[in-house]
Amino acid sequence: MPVSAPSPPRLHSPFIHRPINFTPSSFSAKNLRSPSTSSYPRIKAELDPNTVVAISVGVASVALGIGIPVFYENQIDNAAKRENTQPCFPCNGTGAQKCRLCVGSGSVTVELGGGEKEVSNCINCDGAGALTCTTCQGSGVQPRYLDRREFKDDD
């Protein structure tokens, strides 16, 4: 009984359409110099719906992560170009607010007992009856959102 040589190994993979055969003739100098397109295996890529969803979510997240800051930066630039003429809400554009302690009178009345009353200047507004508006800092113009905040570098 003649003994035959073992067959060359074969590579099996679910991603490769045609199995790769390892034979000594496939590694000849001619094949290494000028490979033909038929000698390369075709790779099948199967994408399940979960992979498609994951890739779509990733692309959308990157797009939103870049797009939202760019949008807000453009809005800030456009707002800086427009003049702000909106009157301040708390002071109605006057730049001053009525003192809450003396209710605008400039004096505080204290009942001491026994029918006695003491009238003194308001310690909150120093008797003026009004305080500078804390929202507009006395300008009478409603500040834009980012103008109301004071950003400090804590480093």
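Procedures and definitions
- Residues numbered from 1 in each chain as written.
- Predicted model: local features only at pLDDT ≥ 70, side-chain atom pairs only at ≥ 80, totals over all residues.
- Heavy atoms only, no water.
- Helix = DSSP H or I, 4+ residues; strand = E, 2+ residues; numbered from the N terminus.
- Contact = heavy atoms within 4.5 Å.
- Areas by Shrake-Rupley, 256 points an atom, 1.4 Å probe, with all protein chains shown as cover.
- Pairing = 2+ DSSP bridges.
- UniProt positions renumbered as here; feature names shortened; annotations may be inferred.

Q: Explain the overall build of the chain to me, please; I cannot follow it from the model alone.
A: Counting its regular elements, the chain contains two helices and six strands. Along the chain, from the amino end to the carboxyl end, the secondary structure elements read β-β-α-α-β-β-β-β. In the chain, once contacts between residues fewer than 6 apart in sequence are set aside, the share between residues at least 24 apart is 50%. With an accessible surface of roughly 13100 Å², the chain has 57% of that area assigned to carbon and sulfur atoms.

Q: When you look at the environment of Cys91 in this model, what are you seeing that I'm missing?
A: Relative to the helices and strands, Cys91 is located in the loop between helix 2 (49–81) and strand 3 (96–98). Distance in space between the C-alpha atoms of Cys91 and Ser139 is 10.0 Å, their sequence separation being 48 residues. Filtering out sequence-adjacent residues up to four positions away, Cys91 remains in contact with Ala96, Gln97, Cys133, Cys136 and Gly140.

Q: Would you mind going over the pairing of strand 4 (residues 107–113) with me for this structure?
A: Looking down a regular strand, the side chains alternate between one sheet face and the other. Note that strand 4 and strand 5 (residues 116–121) share six bridges and pair antiparallel. Among the inter-strand pairings, Ser107 is bridged to a residue of strand 5, identified as Asn121. Following strand 4, the chain reverses through two residues before pairing antiparallel with strand 5; Gly114 in that reversal takes a positive phi of roughly 70°.

Q: Please explain the UniProt feature "transmembrane region" (unreviewed entry) in the chain as it appears in this structure.
A: In this structure's numbering, the residues bearing the UniProt feature "transmembrane region" (unreviewed entry) are residues 52–72. Between the C-alpha atoms that bound residues 52–72 the distance is 30 Å, and the span itself is 100% helix and 0% strand.

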